[in-house]
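# Inside the fold
Listed here are the chains, written in short residue letters.
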Amino acid sequence: MDAGVTVRVPAKVNVQLAVGAARPDGFHDLANVFLAVSLFDEVTVTPADELTVTCSGPDADQVPLDRTNLAARAAELLAARAGRPDSAVHIHIAKNIPVAGGMAGGSADGAGALLACDLLWGLDTPTGELLDICAELGSDVPFSLIGGAALGTGRGELLTPVGAGAFHWVFAVAEGGLSTPAVFREFDRLAEGRDVPEPQASPALLAALASGDPDALAATLANDLQPAALSLRPELQRTLTAGTEAGALAGLVSGSGPTTAFLVRDEEAAAKVAAALEASGTCRATRTTTSPAPGATAV
Ligand code: C5P
């Protein structure tokens, strides 16, 4: 068999997610502070007769294996852009990021497949062009490519890297997923009749993120989608309470949810909070991680 290329790509948490009013195109302007965490999918591409996708891992049965998978779309878009006659590769996703969990797992696979195909086909596409393809794939995909920490504006695809010290996190994986469009629709419903301000990055949050001070970051974490996610999944409040009662400095819904993220002081606190969350019966599983993590990287 021909040699393949494997790319490792991180999950994200949004430490600030400020959401504006719905735009005419249906998207929402955001001030979205992304942070990559050390929880990774691995995407391997190998030459094949046609474009196929397989997936392994505990949630593999929830991953679409057809052309709606962002990894498959990434291969098709890159082949078209490069003028290749076809996008015939086998894509295997070793999935570790929760599916439909608000941690950009699908976006990670899109960015991973894009870089892996670029390397396999020897295209050496400039990063700016790869980022354009990522933005076409989805609002969170450009960040999955670059990783680290970044402010996303527009619909989240226009990125400016920001400074980030090291932090420890515990993630509580919920039963079932949540649809991102449904959470944004619920945001719109809850905002009806109210003036939604222009989304702005918080200077206090950016300073706390850069400082590496977990107490300062805990005091500034904010997710405008959290009320919408809680409205659709009220039981997530019990998970948030269980995590903070176990000693997390702060807890919030990760992106559009339903995964919840807990900022903790250190590795010891992470183990304690994870054990308490598992024992609480308010989540399906936990993951302990650190941030920031690098973006898509060949392994
Ligand atoms: O960009 P992406 O395909 O990931 O977005 C999925 C859905 O999430 C969009 O169709 C839209 O409903 C919602 N969304 C939004 N505003 C954003 C990003 C996503 O309303 N900035």
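We now turn to the structure provided with this report. Predicted, not measured: the structure shown is a model, and the values here were computed from it. (Residues numbered from 1 in each chain as written. Predicted model: local features only at pLDDT ≥ 70, side-chain atom pairs only at ≥ 80, totals over all residues. Heavy atoms only, no water.)

### A word on the packing of helix H9 (residues 236-245) against helix H10 (residues 267-280)
Between H9 and H10, whose axes approach to 9 Å, the crossing angle comes to 140 degrees. Between H9 and H10, the angle is such that the two are oblique. The chirality of how H9 crosses H10 is right-handed. Contact residues: H9 offers Thr239, Ala242 and Gly243, while H10 offers Val273, Leu277 and Ser280. Among the residues making up the contact of H9 with H10, the classes are represented as three nonpolar, three polar and no charged. (Axes fitted to C-alpha atoms, helices over the stretch in contact; angles between N-to-C directions. Helix = DSSP H or I, 4+ residues; strand = E, 2+ residues; numbered from the N terminus. Parallel < 35°, antiparallel > 145°, perpendicular 65-115°, else oblique. Left-handed = near helix turned anticlockwise from the far one by under 90°. Contact = heavy atoms within 4.5 Å. Nonpolar A, V, L, I, M, F, W, Y, C, P; charged D, E, K, R; others polar.)

### A few points about the packing of helix H2 (residues 105-120) against helix H3 (residues 127-137)
At a minimum axis separation of 10 Å, H2 and H3 run at an interaxial angle of 145 degrees. Considering how the two elements wind past one another, H2 and H3 form a crossing that is right-handed. Between H2, through Gly110, Leu114 and Asp118, and H3, the contact on the second element is made entirely by Leu130, Ile133, Cys134 and Leu137. Here the residues of the contact of H2 with H3 sort into five nonpolar, one polar and one charged.

### Some remarks on helix H1 (residues 70-82)
Its 13 residues place the ends of H1 18 Å apart at the C-alpha level, agreeing with the 18 Å of an ideal helix rising 1.5 Å per residue. Every buried residue belonging to H1 is among Leu70, Ala71, Ala72, Ala74, Ala75, Leu78 and Ala79, and all of these are buried. Lining the buried residues of H1 we find strand S3 (52-56), strand S4 (89-94), H2, H3 and helix H4 (141-146). (Expected span 1.5 Å × (residues − 1). Buried < 20%, exposed > 50% of the residue type's maximum accessible area, 1.4 Å probe, protein only.)

### As for the packing of aromatic side chains
Taken as a whole, this structure holds two aromatic pairs when the rule is applied. Summarising the aromatic geometry, the rings of Phe34 and Phe143 are spaced 4.6 Å apart at their centres and angled 5 degrees between planes, so their arrangement reads as stacked. Remark: Phe143 occurs in helix H4 and Phe34 occurs in strand S2 (residues 28-47); sequence separation between them is 109 residues. Judged on exposure class, the residue Phe34 and its partner Phe143 are both buried. Just above the ring of Phe40 sits the side chain of Arg8; from NZ or CZ to the centre is 3.8 Å. The positively charged end of Arg155 is found above the aromatic ring belonging to Phe27, 5.2 Å away from the centroid. (Phe/Tyr/Trp six-rings, centres within 6.5 Å; stacked < 30°, edge-to-face > 60°. Lys NZ or Arg CZ within 6 Å of the ring centre and 35° of its normal.)

### Quick notes on the side chain of Ser254
Topologically, Ser254 is positioned in the loop between strand S9 (250-253) and strand S10 (260-264). Reaching out from Ser254, the side chain makes a polar contact with the backbone oxygen of Gly102 at a distance of 3.0 Å. Residues within four places of Ser254 in sequence aside, it is in contact with Lys12, Val13, Gly101, Gly102, Met103, Phe171, Asn223, Thr259, Thr260 and Ala261. (Polar contact = N/O pair within 3.5 Å; in protein donor to acceptor, adjacent residues only side chain to side chain.)

### Let's talk about the pattern of salt bridges
Taken as a whole, this structure holds 12 salt bridges when the rule is applied. Residues Glu76 and Arg67 are paired through a salt bridge, measuring 2.6 Å at the closest nitrogen-oxygen approach. Exposure remark for Arg67: the relative accessible area of 43% places this residue in the partly exposed category. In this structure, Glu175 engages Arg284 in a salt bridge whose closest nitrogen and oxygen atoms are separated by 3.9 Å. Of the two residues, Glu175 sits in the loop between strand S7 (167-173) and helix H5 (180-191) while Arg284 sits in the loop between H10 and strand S11 (285-291), which places them 109 residues apart along the sequence. On the accessibility criterion, Glu175 (57% relative accessible area) is exposed. (Salt bridge = Lys/Arg side-chain N within 4 Å of Asp/Glu carboxyl O.)

### Focus: unusual backbone geometry
In this chain, Gly257 is followed by Pro258 through a cis amide linkage whose omega measures 5 degrees. The omega torsion of the bond from Ser291 to Pro292 falls at -5 degrees, within 30 degrees of zero and hence cis. Residue position: Pro292 is located in the loop between S11 and strand S12 (297-298). Notably, Ala100 is not glycine yet its phi reads approximately 50 degrees, a positive angle.

Note that every value here comes from positions in space, so none of it alone points to a role or purpose.
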